[in-house]
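The residues making up each chain are set out below.
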Amino acid sequence: MTQATDPIEFVGLASPIQERFAQQPNETLSISLIEELAAICDTSTDDQDLADHGRDWWPLAMHWAMQGKTPRKPHAVCRPTSTEQVVSIVQLCNNNRIPLTVSAGRSGVCGAAIPVYGGVVLDTCLLASIVSVDRISGVIEVLPGMFGPDFENELRDMYGVTVGHFPQSFDISTVGGWVACRGAGQYSTRYGKIEDMVVGLEVVLANGTVVRTGTAPAGANGPDLTSLFVGSEGTLGVITRVWLRSHPLPTTQQRAAYLFPSFVDGINTCRTAVQHGATPAVLRLYDADESKRSHGTDGKQCTLLVLDEGDERIVSATLSIVHDAAMAHGAQVGDVDLVENWMHHRNNTSGLQEATRRGFIVDTMEVAAQWSSLEAIFANVRASLMAVEGALSATCHLSHSYLDGACLYFTFAAKPTPEFEERYVQLWNACQRAALNAGANVSHHHGAGLNRGRFLPESLGAGMGVLQSIKNTLDPHNIFNPGKLGLNPDSDTTKRNSVWP
Ligand SMILES: Cc1cc2nc3c(=O)[nH]c(=O)nc-3n(C[C@H](O)[C@H](O)[C@H](O)COP(=O)(O)OP(=O)(O)OC[C@H]3O[C@@H](n4cnc5c(N)ncnc54)[C@H](O)[C@@H]3O)c2cc1C
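Residues numbered from 1 in each chain as written. Predicted model: local features only at pLDDT ≥ 70, side-chain atom pairs only at ≥ 80, totals over all residues.

S.K.: What exactly am I supposed to notice about the site of the ligand here?
M.R.: Every one of the 36 residues lining the ligand counts as a neighbour, but G105, G176, G177, G183 and G234 are closest to it. Contributions of two or more residues to the shell around the ligand are made by β5 (100-103), α6 (175-181) and β12 (238-245). Taken together, the residues that form the shell around the ligand break down as 14 nonpolar, 19 polar and 3 charged. Taken domain by domain, the shell around the ligand gets at least three of its residues from each of domain 1 (18-123) and domain 2 (130-248). (Near = placed C-beta within 6 Å. Helix = DSSP H or I, 4+ residues; strand = E, 2+ residues; numbered from the N terminus. Nonpolar A, V, L, I, M, F, W, Y, C, P; charged D, E, K, R; others polar. Domains from an automatic or database assignment.)

Take a look at the structure:
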């Protein structure tokens, strides 16, 4: 695959396609600048191409598509095929103070890839190949625009290895997007989050400097520069090359399922198992509502799905530790076919599109917190969401476990309303603040982007000033993805009074 997948159709296509966000005064890209871009690489100003690059899978943007609108069209879409071309585009934009937003699979769910101030979108999808494989160390060098299936199939078929990163959006997202958003795959409890997999990066900075970070398995060479760019969501530079760790293909896979009388019993099982050293690839606990909806249970019990893969001796020991933990917390053994069913429907997004077409508000919020805070977050977030007018449901599953805590993933829905946008903001304010107040972070793997940027300053506190200083130093003209991650969109801070531009 070499291009992004549209989240949903535009209804009643106007020509030219309308924008939800207003353009700023004097915002243009001169014909001569577009010609200069076109001399560097393939450059498009086609209206449909601009509209497609004006959105991602952010549910509010999907709602605007039902009104025939894209959030914000860029002035041009550039498709470089080499780091040298990226450098030329970045330097041109920097010298002329043109906003530059990197776009890849555009599968982000927080509006991170939306070019809110227009300018240039740099599409990485033609930067897509495995460059080298160090078979002894298991280190893969890959260009950022490679989509999940192309990447993993080539690794498996040609080199007999896997990186082990399988997000729900595997088919529609890229390696560079995984790194830029600090994502997590569904097998992360065994293979780690993307930041655990990245060995090093090549990044093009705003002034055109190409930096390479990392490369050794561990170091003490001052602060880790790789981690500065992992999760930077296109605000600090363009990631043009990634080195990742890989694993031999697993020889065994084992599965199990358990049913619990309460979500808290399930949380305690996950904690006990992980703290005893069992890190099964999949350890997913569903609350009673999600268990009923997704696994057909009676609506009273909570379901835990377990899957591990790798060396048979480690897998057997892991499943045995999980079993003992489950039994100690009052579980019944469930039907192992529940895992098989989940494998089949886990990446199906048709419900989201169907609900969007019918006018419902549907979205998800994933946060991480320490084990000691999870029970309060589980209760407070659902209660806060259900207190918002029109709320229909607020459900939860635990999707990723760590030694000290876990990720809780909430799914919420509200009735169709003419005040869709206001209601959407109310729901997000309710759930994100309830989570923050109970000890969670802003995001575990979806990132902040546009929708959640407003929560970062209150979450990071004085740390936000550090982040802003890094941004000001690396990107003094604020060309990279302005208006994201809660960073100052420009010197005119009055713009921050609105939720988004
Ligand atoms: C149905 C669905 C399920 C999802 N499930 C998961 C999941 O299980 N786990 C998970 O982690 N995420 C998930 N996501 C979110 C999304 O898929 C991830 O954030 C993904 O990593 C984004 O990759 P992308 O290639 O689509 O990037 P895009 O959406 O195109 O870009 C995302 C951000 O990264 C920046 N960016 C992209 N590439 C680069 C680069 N090379 N250099 C600099 N900046 C760059 C962009 O500017 C933007 O800010 C899901 C999304 C959907 C729609």
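S.K.: Looking at this model, I keep getting lost on the pairing of strand β18 (residues 361-370). Mind explaining?
M.R.: Within a regular strand, side chains alternate between the sheet's two faces. Among the 10 residues of β18, 8 are classified as buried, and the element is accordingly described as predominantly covered. Looking at chain direction, β18 and strand β20 (residues 405-414) are connected through 10 bridges and run antiparallel. Bridging from a neighbouring strand, A368 pairs with C407 of β20. (Buried ≥ 20, exposed ≤ 12 C-beta atoms within 10 Å, placed from the backbone. Pairing = 2+ DSSP bridges.)

S.K.: What exactly am I supposed to notice about the sheet that holds strand β19 (residues 391-401) here?
M.R.: Strand pairing within a sheet occurs via backbone hydrogen bonds; the two strands may be parallel or antiparallel. An order of β17-β14-β16-β15-β19-β20-β18 is seen for the 7 strands of this open sheet, with the pairing classed as antiparallel. A strand with exactly one partner marks an edge of an open sheet, and here the two such strands are β17 (332-333) and β18. Examined bridge by bridge, strand β15 (residues 282-286) and β19 share 2 bridges and lie antiparallel to one another. The residue of β19 that forms the bridge with L285 is L398. Together, β15, β16 (302-310) and β19 form the strand contacts of helix α11 (residues 288-295), whose direction differs from that of β19 by roughly 90°. Across the face of the sheet, helix α16 (residues 420-437) comes into contact with β18 and β20 while running at roughly 15° to β18. (Contact = placed C-beta atoms within 7 Å. Axes fitted to C-alpha atoms, helices over the stretch in contact; angles between N-to-C directions.)

S.K.: In this structure, what is going on with the domain arrangement of the protein? I would like to understand it.
M.R.: When the parts of a complex come together, some accessible area is lost, and that lost area is often used as the size of the interface. Parsing the protein into structural domains produces domain 1 (18-123), domain 2 (130-248), domain 3 (252-345), domain 4 (350-445) and domain 5 (455-497). A straight line from the C-alpha centre of domain 3 to that of domain 5 covers 41 Å.

S.K.: Just to check I follow, could you spell out the environment of V425 for this structure?
M.R.: Position of V425 among the secondary structure elements: in helix α16. Residue classification places V425 among the partly exposed residues on the basis of 16 C-beta atoms within 10 Å.

S.K.: Help me understand the pairing of β20 in this model?
M.R.: In terms of residue burial, β20 counts as a mostly covered element, since 9 of its 10 residues are buried. A loop of 3 residues connects β19 with β20, the two strands running antiparallel in sequence.

S.K.: Looking at this model, I keep getting lost on the environment of M386. Mind explaining?
M.R.: With respect to the helices and strands, M386 occurs in helix α15 (residues 371-386). Taking C-alpha positions, M386 is 26 Å from P457, a pair spaced 71 residues apart along the chain. Excluding residues that lie within four positions of it along the chain, M386 makes contacts with A391 and A394.

S.K.: Would you mind showing me how to read the sheet that holds strand β8 (residues 139-142) here?
M.R.: The 5 strands lie next to each other as β7-β8-β12-β10-β11, forming an open sheet whose pairing is antiparallel. The open sheet has two edge strands, β7 (130-134) and β11 (210-214), and neither has a second partner. When the angles between neighbouring strand axes are averaged without regard to direction, this sheet yields 15°. When strand β10 (residues 198-204) meets β11, the two strands line up antiparallel, connected through 5 bridges. What sits directly across from V204, in β11, is V210.

S.K.: Quick question: what am I supposed to make of helix α13 (residues 337-345) here?
M.R.: Among all positions in α13, only L338, V339 and W342 are buried. For α13, the angular spread of buried residues about the axis comes to 100°, placing them on one side. Residues of α13 that are exposed and angled more than 90 degrees away from the buried face: D337 and H344. The elements touched by buried residues of α13 are β14 (252-260), α11 and β16. (Arc of directions from axis to C-beta.)

S.K.: Just to check I follow, could you spell out the packing of helix α10 (residues 263-275) against helix α12 (residues 312-328) for this structure?
M.R.: Each pair of packed helices can be described by the angle between their axes along with the distance between the axes. Running from N to C, α10 and α12 point in directions that differ by 145°, and their axes come no closer than 8 Å. Remark: the crossing between α10 and α12 carries right-handed chirality. Taking contact as the criterion, the partners of T269, T272 and A273 in α10 are, on α12, I321, V322, A325, A326 and A328. For the contact of α10 with α12, the per-class residue count stands at 6 nonpolar, 2 polar and no charged. (Left-handed = near helix turned anticlockwise from the far one by under 90°.)

S.K.: Whenever I open this one, the nonpolar core confuses me. Can you help?
M.R.: Generally speaking, a soluble globular protein has its nonpolar side chains buried in company with each other. The biggest cluster of nonpolar side chains holds 142 residues, and the ones touching the most others in it are V120, L408 and C431. Of all the elements, α16 adds the most residues to this core, at 8 residues. Every residue in contact with V120, bar those within four places of it in the chain, is listed here: L37, P74, H75, A76, C78, I89, C93, I98 and L100. (Core = buried A, V, L, I, M, F, W, Y, C linked by C-beta atoms within 7 Å.)

S.K.: How should unusual backbone geometry be read in this particular structure?
M.R.: For residues other than glycine, phi is negative in most cases, and the peptide bonds are mostly trans. The backbone phi angle of N478 is positive, close to 50°, even though this residue is not glycine. At L485, a position not held by glycine, the phi torsion is positive, near 60°.

S.K.: Looking at this structure, how should I read α15?
M.R.: Each full turn of the α-helix corresponds to 3.6 residues, which orients residues three or four apart in the same direction. Taking 1.5 Å as the rise per residue, α15 with 16 residues should run 22 Å; its terminal C-alpha atoms sit 24 Å apart, in good agreement. Taking the largest bend as the criterion, α15 deviates by roughly 30°, centred on I377. Looking only at α15, the buried set comprises L374, I377, F378, N380, V381, R382, S384 and L385. (Expected span 1.5 Å × (residues − 1). Bend = angle between axes of the 7 residues up to and from the residue.)

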